[in-house]
Amino acid sequence: MKGVVLAGGTGSRLNPLTRVTNKHLLPIYDRPMIYYPLQTLVEAGIQDILIVTGGNNAGDFLRLLRNGKDFGLKQLNFAYQEGEGGIADALRLAEPFAAGEKICVILGDNILESSVREAREKFERQQDGGLVLLKEVPDSERFGVPVFEGERIVRIEEKPIVPSSSYAVIGVYFYDGTVFERVRRLKPSGRGEFEITDVNNSYLFEGKLSYEVIEGGWTDAGTFESLWRATKMVREKVLIAEEMKLSATSAR
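Novice: In this structure, what is going on with the overall build of the protein? I would like to understand it.
Specialist: Within the protein, the secondary structure is distributed over eight helices and 13 strands. For the protein, whose C-alpha radius of gyration is 18 Å, the value lies close to the compact-globule estimate of 18 Å for 252 residues. Across its three principal axes, the protein shows a C-alpha extent of roughly 55 × 45 × 35 Å. Across the 252 residues in the protein, those meeting the buried criterion constitute 51%. Of the contacts made within the protein by residues no fewer than 6 positions apart, 73% connect residues no fewer than 24 positions apart. When the accessible surface of the protein is totalled, it reaches about 12,700 Å², and 51% of it is carbon and sulfur. Charge centroids of the protein, computed over 32 positive and 36 negative side chains, lie 3 Å from each other.

Below, the structure written as structure tokens:
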């Protein structure tokens, strides 16, 4: 399985921080934001990774990440998105890289505490289709929201004014090779963008979309509030790890 990190966009909700840099290069505690989704893919056992970015700071990703040595990778791949056509528009640039294989797509501002390895393994056992990750959140109206009938998702609504559930479709998606044909069939939404929710619904309407509810902390980092929340979550995890290491050393 190959991995795709989508790290484009203007980051307008984080203006003026993003006036001079790409959102995904902003710090989350002691590391740039882009480090976290990359590490999520690597911890899931994915080594072949493409980063899709754009704008005036695309070269900064290459200077920062180089060939991925800091993550134990032999090489990183890069693609450049011209304009701002939405998440699905950025994803289409990964088609030559994917070469028909299954892919794990992660949005570049997603910060997860726990591994997605089990979800990856579940999807690899799935013959075809897609798999999305869900998380119960207090502000699901900010995201794609699954509508349930029992335990089955019947549709996903994009940023609904009145959400049908408290679950959000977080920015980690697993797709088979048909995803790019689905992207080509999309029409722009009312926002003028090609929506990833429409891709997910295309799988759903064919009965080919499964889901997993993740455990552990998760947040995006696309607003000032969620940027602070991400930093706080990472800091607490680092402090706990340091305390455990110190306790283990003292016990020897």
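Right, picking up where we left off after that structure.
Novice: Honestly, the packing of aromatic side chains in this entry has me stumped. Any pointers?
Specialist: For any pair of aromatic rings, the description consists of the separation of the ring centres together with the inter-plane angle of the planes. A full pass over the atoms with the stated rule returns seven aromatic pairs. Each ring, one from Phe123 and one from Phe174, has its centre 5.8 Å from the other, and the planes form 45 degrees; the classification is tilted. Placement of Phe123 in helix α5 (residues 117-125) and of Phe174 in strand β11 (residues 167-175) is noted, with a sequence separation of 51 residues between them. The class for Phe174 is buried, based on a relative accessible area of 0%.

Novice: Would you take a moment to explain helix α1 (residues 35-43) for this structure?
Specialist: Residues three or four positions apart in an α-helix share a direction because the helix packs 3.6 residues into each turn. Of all the nine residues making up α1, seven are buried; the element is thus mostly covered by neighbouring parts of the structure. Looking at the residues trailing α1, positive phi occurs at Gly45, about 90 degrees.

Novice: What's the story with unusual backbone geometry in this structure? I'm lost.
Specialist: Most peptide bonds take the trans form, and the phi angle of most residues other than glycine is negative. Residue Pro16 is bonded to the preceding Asn15 through a cis peptide linkage, with omega at 10 degrees. Considering the arrangement of structural elements, one finds Pro16 in the loop between β1 (2-6) and β2 (27-28). If you check the backbone angles, Arg66 has positive phi at about 50 degrees while not being a glycine. Mapped onto the elements of the fold, Arg66 is located in the loop between α2 (58-65) and β5 (77-81). Even without a glycine there, the phi angle at Ala99 is positive, about 50 degrees.

Novice: Looking at this structure, how should I read the side chain of Thr219?
Specialist: By the secondary structure assignment, Thr219 is in strand β13 (residues 218-219). Here the side chain of Thr219 touches Arg229 through a polar contact of 3.4 Å, side chain to side chain. The contact partners of Thr219, leaving out residues within four places of it in the chain, are Asp109, Asn110, Ile111, Ser226, Arg229, Ala230 and Met233.

Novice: Explain the pairing of strand β6 (residues 103-107) here, please?
Specialist: Along any regular strand, the residues point their side chains to alternate faces of the sheet. A large share of β6 lies buried, amounting to five of its five residues. Residues Ile103, Val105 and Leu107 of β6 are buried on one face, and the alternating residues Cys104 and Ile106, pointing to the opposite face, are buried as well. For β1 and β6, the ladder comprises five bridges, and the chain directions are parallel. Each residue of the ladder has a partner; that of Leu6, found in β6, is Leu107.

Novice: Could you clarify how one ought to interpret helix α7 (residues 196-205) in this entry?
Specialist: Taken across its ten residues, α7 has eight buried, putting it largely inside the fold. When α7 is considered as a whole, its buried residues turn out to be Ile196, Thr197, Val199, Asn200, Asn201, Ser202, Tyr203 and Leu204. Within two residues after α7, Gly207 carries a phi angle of roughly 70 degrees, on the positive side.

Conventions we followed
Residues numbered from 1 in each chain as written. Predicted model: local features only at pLDDT ≥ 70, side-chain atom pairs only at ≥ 80, totals over all residues. Heavy atoms only, no water. Helix = DSSP H or I, 4+ residues; strand = E, 2+ residues; numbered from the N terminus. Rg over C-alpha atoms; globule rule 2.2 N^0.38 Å. Buried < 20%, exposed > 50% of the residue type's maximum accessible area, 1.4 Å probe, protein only. Contact = heavy atoms within 4.5 Å. Areas by Shrake-Rupley, 256 points an atom, 1.4 Å probe, with all protein chains shown as cover. Lys, Arg positive; Asp, Glu negative; His and termini not counted. Charge placed at Lys NZ, Arg CZ, Asp CG, Glu CD. Phe/Tyr/Trp six-rings, centres within 6.5 Å; stacked < 30°, edge-to-face > 60°. Polar contact = N/O pair within 3.5 Å; in protein donor to acceptor, adjacent residues only side chain to side chain. Pairing = 2+ DSSP bridges.

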